[in-house]
Amino acid sequence: MKKILIVGGGIRQVQLLDAAKKLNYHVVLCDMTTECPGYKYADTYHAASTMDYEALLDVAKKENVDGIITNSEPAMPIVTRIANELGLVGNSEDGINILMSKSRFRDLQRQVGVYCPAHFVTTSLDEVYQRLPELNYPIIIKPCECSGSRGSRKIEQYDEKIIEEVFTDCKRYSRNNMVAVEEYVEMPSLTTIEGDIFLYEGEILWDGLFYTTRAAWAPMVPMTYTAPLFLEKEKFDKLRDTLSRLFKAAGVQFGEYNIEGYFNNNGDFFVIEINVRQGGHEIPLLVYDFSGIDLCKLLVSTAVRDTEYWEYVKNYKRHYRYAIKQTTFSQEAGKYAGLYIDESIKQYVTRTLEYLKEGDAVEKCVDGTSLVAIVDLIFPTFDEQLACYERINDLIRIKVK
């Protein structure tokens, strides 16, 4: 029986734990508490912090595990280091750190010759003021190591008060206290390309890509996920070449990575970021809905060098379905009064998830962390999907008192 160590038992790990159990693997779980959602899936439990390298390494050795994975971004370098030390499936630790750092990732883009905006990083507000003349407006200021668009903000013109406010927020959210400042790359539309791509032994599976549309009132926050992705061959080749070069240069050849990018006005594919984890908002479920590929099963099985499902996925005939994942946010603060779904689309709804109960406080959306609910839909035809997409904010919305 294969034995896998999963680091972290939080809600973002549950799908991985469930996949491991369904594969009949022996699940070793490390988390600080038995109250975590993933505890019920564990065959063996060890109380250990996801950030404690020595403790996690000790567990991996004692349990003689066949593989180790996590869906915790901060813990990923530690998990990678342990995999390398024990000869398990893994990546370059420095490569993972590069992808996690917005500044080092921009440097990598420049190094391999793919599109990259002018940028710098700093911990000093004074340095920001000194170096801003190097950049053209608009600019974007964001935490150097963070996710969920926390603190990130586009700034149209020089304004010391706004710059100081945004810089302070970004520094607070950044895990290393570094703040990235870069030229804003104009988006031809509010729709980007996002998704989870999978690597095993350097080979890349591209099926998990789709479109993400942002609302005009919150252009930093992805809201409507539409799948599958249809791109003309020239653009798709450009996308694949750009991402393949980045992964190869970083020495990253295994795992599931959430990417976001878009084609700029010159036709270059600009990679906003590569997250060293699965996409949030249950993206693996969306990928399964439209492609039939279970990325959680794929990640768990290949981590222990069980390649049966990997070989199946590489060779099976694709049958894509038309899907939408709508994430709902509020334009105002108040009390949650429920989720509205129009009667005309209820027949397409496959899954709903509400994070609030009626009467709970609702935050005004400022970034991707103020999510209120998720609605998943599957359509029999593209025309039905398109009709829903065009009116999605009227058809699905939250009610606020």
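Residues numbered from 1 in each chain as written. Predicted model: local features only at pLDDT ≥ 70, side-chain atom pairs only at ≥ 80, totals over all residues. Heavy atoms only, no water.

## Looking at empty space enclosed by the protein
- This structure, assessed with the given rule, holds 2 cavities of 30 Å³ or more.
- When its volume is computed, the largest cavity comes out at roughly 190 Å³.
- Taken together, 19 residues form the lining of the largest cavity, with Ile69, Thr70, Met76, Phe254 and Gly255 sitting closest to its centre.
- Of all the secondary structure elements, the ones that give two or more residues to the lining of the largest cavity are strand S4 (67-70), helix H3 (76-86) and strand S13 (255-263).
- The dominant element in the lining of the largest cavity, judged by the number of residues it contributes, is H3, at 4 residues.
- In the lining of the largest cavity, the residues fall into 10 nonpolar, 7 polar and 2 charged.
- Looking at the second largest cavity, its volume works out to about 100 Å³.
- Leu99, Met100, Lys102, Glu273 and Ile274 are, among the 14 residues lining the second largest cavity, the residues nearest its centre. (1 Å grid on protein atoms, 1.4 Å probe; cavity = no way out; pocket = protein on both sides within 12 Å on 5 of 7 lines; lining within 4 Å. Points joined across faces, edges and corners; volume = space filled by probe spheres on them. Helix = DSSP H or I, 4+ residues; strand = E, 2+ residues; numbered from the N terminus. Nonpolar A, V, L, I, M, F, W, Y, C, P; charged D, E, K, R; others polar.)

## What to know about the packing of helix H1 (residues 14-22) against helix H10 (residues 295-303)
- Here H1 crosses H10 at 65°, and the two axes come no closer than 9 Å. Classified by the angle between their axes, H1 and H10 sit roughly perpendicular to one another. The element H1 and its partner H10 pack so that their crossing is right-handed. Residues Gln15, Leu16, Ala19 and Ala20 of H1 pack against Cys296, Lys297, Leu299 and Val300 of H10.
- Residue composition of the contact of H1 with H10, by class: 6 nonpolar, 1 polar and 1 charged. (Axes fitted to C-alpha atoms, helices over the stretch in contact; angles between N-to-C directions. Parallel < 35°, antiparallel > 145°, perpendicular 65-115°, else oblique. Left-handed = near helix turned anticlockwise from the far one by under 90°. Contact = heavy atoms within 4.5 Å.)

## Section: the sheet that holds S4
- Taken together, 4 strands build an open sheet; the order of strands is S3-S2-S1-S4 and the sheet is parallel. With one partner strand each, in any of the chains shown, strand S3 (44-47) and S4 form the two edges of the open sheet. Taken pair by pair, the neighbouring strands of this sheet meet at an average axis angle of 20°, ignoring direction.
- Here strand S1 (residues 3-7) pairs with S4 via 4 bridges, running parallel. Within S4, the position partnered with Ile6 by the bridge is Ile69.
- Strand contacts of H3: S1 and S4, with the helix running at about 170° to S4, the strand carrying the most contacts. (Pairing = 2+ DSSP bridges.)

## Structural notes on the side chain of Thr70
- Within the element layout of this structure, Thr70 appears in strand S4.
- For Thr70, the side chain forms a polar contact with the main-chain oxygen of Val7, separated by 2.7 Å.
- A polar contact of 3.1 Å, which involves the side chain of Thr70, links it to the backbone nitrogen of Ser72.
- Setting aside chain neighbours within four positions, we find Thr70 in contact with Val7, Gln13, Leu16, Ala75, Met76 and Val79. (Polar contact = N/O pair within 3.5 Å; in protein donor to acceptor, adjacent residues only side chain to side chain.)

## Focus on the pattern of salt bridges
- Summed over all chains, the structure comprises 28 salt bridges.
- For Lys102, the salt bridge identified is with Glu273, shortest N-O distance 3.9 Å. Within this pair, whereas Lys102 is found in helix H5 (residues 102-112), its partner Glu273 is found in strand S14 (residues 269-275), the two being separated by 171 residues in sequence.
- A relative accessible area of 15% places Lys102 in the buried class.
- Salt-bridge contacts for Lys357 lead to Asp360; the nearest nitrogen and oxygen are separated by 4.0 Å.
- Exposure remark for Asp360: the relative accessible area of 23% places this residue in the partly exposed category. (Salt bridge = Lys/Arg side-chain N within 4 Å of Asp/Glu carboxyl O. Buried < 20%, exposed > 50% of the residue type's maximum accessible area, 1.4 Å probe, protein only.)

## Quick look at the side chain of Gln326
- Here Gln326 shows up in strand S15 (residues 322-328).
- On the accessibility criterion, Gln326 (2% relative accessible area) is buried.
- At a separation of 2.6 Å, a polar atom in the side chain of Gln326 contacts the side chain of Thr224.
- Not counting residues within four places of it along the chain, the set of residues in contact with Gln326 comprises Met223, Thr224, Ala373, Ile374, Val375, Ile392, Asn393 and Ile396.

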